[in-house]
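# A structural walkthrough
So you can see what is in the structure, the chains are spelled out below.
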Amino acid sequence: MKISVIGMGYAGAVTSACLAELGHYVTGYDIDHRRINSLNSFKPQIFEPGLEKLIEKNCEIKRLKFQHVDDSDLDLGEITIITVGTPSDPNGSPNLEYIWKSVEWATEHLQQNSILLMRSTVQPGTGDLISTRFCENKNINYISCPEFLKEGEAVSDFFTPDRIIIGGNNSDAIEKVVDLHSGISSPIIKTKIIAAEMIKFASNAFLATKISFINEMANFCEAWGADVDDVKEGLGLDHRIGKSFLNAGVGFGGSCLPKETRAFTSLASNYGIKSNLLESVLEVNEYQSQIPFRIIKDVFADMNNVKVGILGMSFKPNTDDIRESPSIKIAQTLSKLGCQVSCFDPVSNQKSEEKLGSTVKFETSIENLTTNKNIILLMTPWEIILNSNWHQIFESMIEPKILFDGRNSLDPAIMKNIGFNYIGVGRGISSSHLDHLSW
Ligand code: UDX
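Nothing here was measured: the structure is a model prediction, and the numbers come from that model. (Residues numbered from 1 in each chain as written. Predicted model: local features only at pLDDT ≥ 70, side-chain atom pairs only at ≥ 80, totals over all residues. Heavy atoms only, no water.)

Scanning the protein from N- to C-terminus turns up 18 helices and 14 strands. Taken over the C-alpha trace, the protein has a radius of gyration of 24 Å; the compact-globule value for 439 residues is 22 Å, and the two agree within 12%. Principal-axis analysis of the C-alpha atoms places the extent of the protein at approximately 75 × 45 × 35 Å. In the protein, once contacts between residues fewer than 6 apart in sequence are set aside, the share between residues at least 24 apart is 71%. Of the accessible surface of the protein, which amounts to about 19300 Å², a share of 52% is contributed by carbon and sulfur atoms. (Helix = DSSP H or I, 4+ residues; strand = E, 2+ residues; numbered from the N terminus. Rg over C-alpha atoms; globule rule 2.2 N^0.38 Å. Contact = heavy atoms within 4.5 Å. Areas by Shrake-Rupley, 256 points an atom, 1.4 Å probe, with all protein chains shown as cover.)

Right, let's talk about the pattern of salt bridges for a bit. Counted according to the given criterion, the structure contains 22 salt bridges. Here Lys 351 and Asp 320 are joined by a salt bridge, their closest N and O atoms 3.2 Å apart. Remark: Asp 320 occurs in the loop between strand E9 (307-311) and helix H13 (326-336) and Lys 351 occurs in helix H14 (residues 349-356); sequence separation between them is 31 residues. Note that Asp 321 and Arg 323 form a salt bridge whose closest N and O atoms lie 2.8 Å from each other. For Asp 321, a relative accessible area of 3% corresponds to the buried category. The class of Arg 323 is partly exposed, set by a relative accessible area of 39%. One connected set of salt bridges, linked through shared partners, spans Lys 150, Glu 153, Asp 157 and Lys 316. (Salt bridge = Lys/Arg side-chain N within 4 Å of Asp/Glu carboxyl O. Buried < 20%, exposed > 50% of the residue type's maximum accessible area, 1.4 Å probe, protein only.)

The full set close to the ligand counts 20 residues, and Glu 151, Lys 200, Asn 247, Gly 253 and Lys 316 are the nearest of them. Separating an oxygen atom of the ligand from a backbone N or O atom of Phe 148 is a distance of 3.4 Å. Contact distances for the ligand include 2.9 Å between an oxygen atom and a side-chain N or O atom of Lys 316. Coverage of the ligand by the protein amounts to 92% of the 650 Å² it exposes when considered alone. Classifying every residue of the shell around the ligand by side-chain character gives 10 nonpolar, four polar and six charged. (Near = heavy atom within 4 Å. Polar contact = N/O pair within 3.5 Å; in protein donor to acceptor, adjacent residues only side chain to side chain. Nonpolar A, V, L, I, M, F, W, Y, C, P; charged D, E, K, R; others polar.)

Let us look at the domain arrangement of the protein. Along its sequence, the protein is carved into domain 1 (2-191), domain 2 (200-286) and domain 3 (290-434). Each partner contributes residues to the interface: domain 1 has nine residues there, and domain 3 has 10 residues. Of all residues in domain 1, Tyr 10, Phe 47 and Glu 151 bury the most surface against domain 3, accounting for 75% of the area lost on that side. For Glu 153, the salt bridge is made with Lys 316, and the minimal N-O distance between the two is 3.7 Å. Counting every contact that joins domain 1 to domain 3 gives six residue pairs in polar contact (both at pLDDT 80 or more). (Domains from an automatic or database assignment. Buried area = accessible area lost by both parts, 1.4 Å probe.)

Residues other than glycine predominantly adopt negative phi, and peptide bonds predominantly adopt the trans conformation. Going from Glu 399 to Pro 400, the amide bond is cis rather than trans, its omega being 5°. The backbone of Lys 62 sits at a positive phi, close to 60°, despite the residue not being glycine. Relative to the elements of secondary structure, Lys 62 occurs in the loop between helix H3 (51-60) and strand E3 (64-68). The exposure class of Lys 62 is exposed, given its relative accessible area of 67%. Despite not being glycine, Asn 318 shows a phi value in the positive range, around 65°.

All right, on to the state of the cysteines then. Per the counting criterion, the structure on display carries zero disulfides. The thiol of Cys 18 is not disulfide-bonded; the next cysteine sulfur, from Cys 59, is found 13 Å away. (Disulfide = S-S within 2.5 Å.)

Let us look at the pairing of strand E8 (residues 188-191). Where strand E7 (residues 164-168) lies against E8, four bridges are found, and the strand directions are parallel. Bridge pairing links Ile 164 to Ile 188 in E8. For the handedness criterion, the β-α-β arrangement of E7, helix H7 (residues 171-180) and E8 is classed as right-handed. (Pairing = 2+ DSSP bridges. Right-handed = clockwise from strand over helix to strand, strands pointing away.)

This brings us to the sheet that holds strand E1 (residues 2-6). In space, the eight strands of this open sheet follow the order E3-E2-E1-E4-E5-E6-E7-E8, with mixed pairing throughout. The outermost strands of the open sheet, each flanked by one partner alone, are E3 and E8. Strand after strand, the sheet turns through a mean of 25° between neighbouring axes, direction not considered. Here E1 pairs with strand E2 (residues 25-30) via five bridges, running parallel. Note that in E2 the partner of Lys 2 across the bridge is Tyr 25. (Axes fitted to C-alpha atoms, helices over the stretch in contact; angles between N-to-C directions.)

Glancing now at the side chain of His 181. Mapped onto the elements of the fold, His 181 is located in the loop between H7 and E8. There is a polar contact of 2.9 Å between the side chain of His 181 and the backbone oxygen of Val 177. When residues no more than four places from it in sequence are discounted, the contact partners of His 181 are Cys 145 and Ile 164.

With parallel pairing, six strands are arranged side by side in an open sheet as E11-E10-E9-E12-E13-E14. Two strands lie at the open edges of the sheet, namely strand E11 (361-362) and strand E14 (421-423), each paired on one side alone. Bridging between E9 and strand E12 (residues 375-378) involves four bridges; their strand directions are parallel. Looking at E12, one finds that Ile 310 is bridged to Leu 377.

Time to look at the pairing of strand E13 (residues 402-405). Side chains of E13 alternate between two faces, with Ile 402 and Phe 404 and Leu 403 and Asp 405 buried alike. Alignment of E12 against E13, held across four bridges, turns out to be parallel. Within E13, the residue paired with Leu 377 across the bridge is Phe 404. Taken together, the three bridges between E13 and E14 define a ladder with parallel strand orientation. In the sheet register, Leu 403 faces E14, and the bridge partner there is Tyr 422.

This paragraph deals with the environment of Met 118. Checked against the element boundaries, Met 118 lands in strand E5 (residues 115-118). Along the sequence, Met 118 and Tyr 142 sit 24 residues apart, while their C-alpha atoms lie 7.7 Å from each other. Excluding residues within four positions of it along the chain, Met 118 makes contact with Ile 82, Ile 99, Val 103, Ile 130, Tyr 142, Ile 143, Ser 144, Cys 145 and Pro 146.

Here is the structure:
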C-alpha cells in the first residue's frame, strides 16, 4: 500500500521505517526541513536502536522517502497516519495544536475513501470530533490505531506488539488497517474509536500506577530494612500482578507516562470526577525524583559546594530523550541549592546542555565525571555506565564517597565491599543509616 506519515518524531520515524520494512511504500512528512534532510541522508535526529539501518535500507530500495509538507508533488496514498506530538499544556491537559494542524492539512490533500489513521495519543472523544468535523463530509474514514512503542525498544515493539488496537466505525476501513499490519502476528482488537483512545490512555496510566505502587513499597522497605527487589520477586510471580514495571527507582519520566496520567487528573475536574488515585500516582512520582536531594540534605550540614556527579541524563537508557527525565529535575534542584553539579550521558549530553545551560558542568567521560566528587547519582543505567571500573571510580572520589543507585541497577554487596557508602531505592539502606557521616 501507499502510505503517508505526518510528524517525523520518535513515533513517526519508527512507524515510517517499519511500515516500509513490511513492504509498504511510505512517505514521511514534516514541517522541519532540517529533520527531513537528516532523514533523507539516513541520519535521524533521534537515537533509537535499529532505526538508522532500517531507514537506510528502505530508502535505498525506494520504499521510503521523506518530504516537506509544503512540497508540491503531494500524493498521500490510501492511508495517512498522524504521529505528531501532543505535549501537555501548563495545567497538564493535552495540547492538540499540532493534531488540528496536521488533520486539516491531511484532509485537504487526501482522496475520497482514503483513511486518516490517528497514531498520536489524543484524549478520548477527539477522534469522533475529528471524524465529524473533518472527515465525513469528504468521505474520508477516521481510524484510531494508537502506538504502544517504548523508546529505546520502539523498533522491536513495532514488529512484536502485545496487541494492535483498531478503533473505527467503517468495517472496510478497519479491514484495510488490518491489512496494513499484515506480517505482524499479534492479536488485533477491532473496537469503537472512543474505546481505542481510552485503551491507550488507560494503558499508560496503569503502567504509571504500577511504578508508583512499587515505589511506595520501596519507601516502606527503606524504613523497615527490607529489600524491595526481594518483594518484587515475590509479587511478580503472582500471574495477576506480573513482574514487569515493578522496578523501584527515582520515578517515571518520558513523554508519555507523566503526560497521560496528568491528562486524566487535569481533565477529571472538567467532568466533575475526582481522580484521587492518579493524583497520588503523580505525587509519589514527584517524591521519588527528589530522593537524591533528601540524601544530600540528610548527610551534608551545608549543601553549598557539595560536589555531585550525575551519571545518565536521558529518562531511560537507549534513548536521547530527556523529556520529564528525573536527572534533569534533580540537576536543576541541586544546582539551585548551591551544589556543584556535573553531568554525563553517552548520548543526550547536548540535549541536556541545551536544557540546563551553564547551571551545571558537562563531562564527556565517566572518569572525568566521577573524579573529585562527594556523591555520584546513578540515574540512568546505560550499559556503558554499569560496566564502569567501580574500583577506579571509588579511588577517584572524595569522602564521603556516596553512591546513589537511582534504578537499583548495581549489587549493594559488591559496591559496599569496594568501599562506597551505597544507597539504593528501597534496598533497606537509607541515608539515615549513614548518620555516622554527618558531613
Ligand atoms: C511508555 C509506554 O511503556 C509505552 O507503551 C507507550 O507507548 C509510551 O510510553 P516509554 O515512556 O518510552 O513508553 O518508556 P517506558 O519503558 O514505559 O519507561 C517510562 C518510565 O518509567 C522511564 O522513566 C522508566 O525509567 C520508568 N520505569 C519503567 C520505572 O521507573 N520502573 C519500571 O519498572 C519501568
